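Report on the structure
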Amino acid sequence: MSEHTGSRVIVVGVDGSEASRAALRWAVEQAHVLDTQVVAVHAWEPAAAFAPYAPVSTRPTAAEQRERAAELLATTVRAAFGARIDPRVRALLVEGPPVRVLLQRARGALLLALGRAPHSQWELPAVGPVGRECLRRSAVPVVMVRALDLGEVPSGTVQAPDRLRSGAA
């Protein structure tokens, strides 16, 4: 299987957060404008080590961890769109470090969309370590979609230039 997703898609990093749901919704709006598909990617890694005193019976197996990751991806997509998931959306679960997985899957895509938390002066940075590394290392444009603050009204859809809509470079 190819390591990248394809050239006519928007890749979205999904981690279960409201910010990743906002990125998914934004990506679908753009997919309609650009007449393309959205690939929602959730990267997961099996837990490497557990505390030596943790009972073996409470340690999840790799299969159980994969099942939890798949549920997180499915739940996030459902939470973003409700019962009517846009047919342009394809969910993809990939084992591996998030930065590596997202950069590989986005190679050749139209863009990579990631969520970012609302930012205020006293909170943690709005862009986390995965977002920072993707911004730094991505070969495709990266769009950071901000999760809405409570009570905030979403802004409109960005219109693509004609050259992107037609697929021309």
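Up top you'll find the structure we're talking about.
First, a word on what this report is: a plain description of the structure on this page. Given the structure is predicted, the values throughout are model-derived calculations rather than measurements.

Criteria and thresholds
- Residues numbered from 1 in each chain as written.
- Predicted model: local features only at pLDDT ≥ 70, side-chain atom pairs only at ≥ 80, totals over all residues.
- Heavy atoms only, no water.
- Salt bridge = Lys/Arg side-chain N within 4 Å of Asp/Glu carboxyl O.
- Buried < 20%, exposed > 50% of the residue type's maximum accessible area, 1.4 Å probe, protein only.
- Helix = DSSP H or I, 4+ residues; strand = E, 2+ residues; numbered from the N terminus.
- Pairing = 2+ DSSP bridges.
- Right-handed = clockwise from strand over helix to strand, strands pointing away.
- Expected span 1.5 Å × (residues − 1).
- Contact = heavy atoms within 4.5 Å.
- Axes fitted to C-alpha atoms, helices over the stretch in contact; angles between N-to-C directions.
- Parallel < 35°, antiparallel > 145°, perpendicular 65-115°, else oblique.
- Left-handed = near helix turned anticlockwise from the far one by under 90°.
- Nonpolar A, V, L, I, M, F, W, Y, C, P; charged D, E, K, R; others polar.
- Core = buried A, V, L, I, M, F, W, Y, C linked by side-chain atoms within 4.5 Å.

Structural notes on the pattern of salt bridges
Enumeration over the complete set of coordinates arrives at six salt bridges. As a salt-bridge pair, Arg78 and Glu71 come within 3.2 Å of each other at their nearest N and O atoms. Overall, Arg78 belongs to the partly exposed group, its relative accessible area being 41%. One continuous salt-bridge network, built from bridges that share partners, spans Glu18, Arg21 and Arg25.

Remarks on the pairing of strand 2 (residues 37-44)
For strand 2, the buried fraction is high: seven of the eight residues fall into the buried class. By the bridge criterion, five bridges tie strand 1 (residues 9-13) to strand 2 in an arrangement that is parallel. Of the residues in strand 2, the one forming a bridge with Ile10 is Val38. With respect to chirality, the unit in which strand 1 leads through helix 1 (residues 18-34) into the neighbouring parallel strand 2 is right-handed. Of the pairings in the sheet, the one linking strand 2 to strand 3 (residues 89-95) comprises seven bridges and is parallel in character.

Observations regarding helix 1
Helix length check: helix 1 (17 residues) gives 24 Å between terminal C-alpha atoms against 24 Å at 1.5 Å per residue, within 8%. Extensive coverage of helix 1 is indicated by the burial of 13 of its 17 residues. Directly beyond the C-terminal end of helix 1, a positive phi value near 55° is found at Asp35.

A word on the side chain of Thr36
Among the secondary structure elements, Thr36 is positioned in the loop between helix 1 and strand 2. Beyond its immediate sequence surroundings of up to four residues, Thr36 is in contact with Arg8, Val9, Ile10, Ala31, Arg88 and Leu110.

Examining the pairing of strand 4 (residues 111-116)
The pairing of strand 1 with strand 4 spans three bridges and is parallel. Bridged to Val12 within strand 4 is Ala113. The sheet contact formed by strand 4 and strand 5 (residues 142-146) spans five bridges and is parallel. Counted as the bridge partner of Ala113 is Val143 from strand 5.

Some details on the sheet that holds strand 5
Pairing between the strands of a sheet is mediated by backbone hydrogen bonds and can be parallel or antiparallel. A sheet is described by the order of its strands in space; here five strands give the open sequence 3-2-1-4-5, paired in parallel fashion. One side of each edge strand has no neighbouring strand; the edge strands of this open sheet are strand 3 and strand 5. Neighbour-to-neighbour, the strand axes of the sheet open up by a mean angle of 25°, direction not taken into account.

As for helix 2 (residues 62-81)
The end-to-end C-alpha distance of helix 2 is 29 Å, a good match for the 28 Å that 20 residues give at a rise of 1.5 Å each. Along its buried surface, helix 2 packs onto helix 1, strand 2 and strand 3. In the stretch just after helix 2, Gly82 is the one whose phi turns positive, near 75°.

Notes on the packing of helix 1 against helix 2
At a minimum axis distance of 9 Å, the contact between helix 1 and helix 2 shows a crossing angle of 60°. With respect to each other, helix 1 and helix 2 are oriented oblique. Like other packed secondary-structure pairs, helix 1 and helix 2 cross with a definite hand, here right-handed. Across the interface between the two elements, Ser20, Arg21, Leu24, Arg25 and Val28 from helix 1 touch Thr76, Val77, Ala79, Ala80 and Phe81 from helix 2. Classifying every residue of the contact of helix 1 with helix 2 by side-chain character gives six nonpolar, two polar and two charged.

With respect to the nonpolar core
As a rule of thumb, nonpolar side chains are buried together in soluble globular proteins. Of all hydrophobic cores here, the largest spans 25 residues; its most connected members are Ile10, Val12, Leu24, Val38, Val77 and Phe81. Examining the composition of this core, we find that eight residues originate from one element, helix 1, more than from any other. In this structure, Val38 is in contact with Ile10, Val12, Leu24, Ala27, Val28, Ala31, Arg88, Val89 and Arg90, ignoring residues within four places of it in sequence. Grouped together as the second largest cluster of nonpolar side chains are 17 residues, Leu92, Val101, Leu112 and Cys134 included.

Interpretation in functional terms is not warranted from these geometric data alone.
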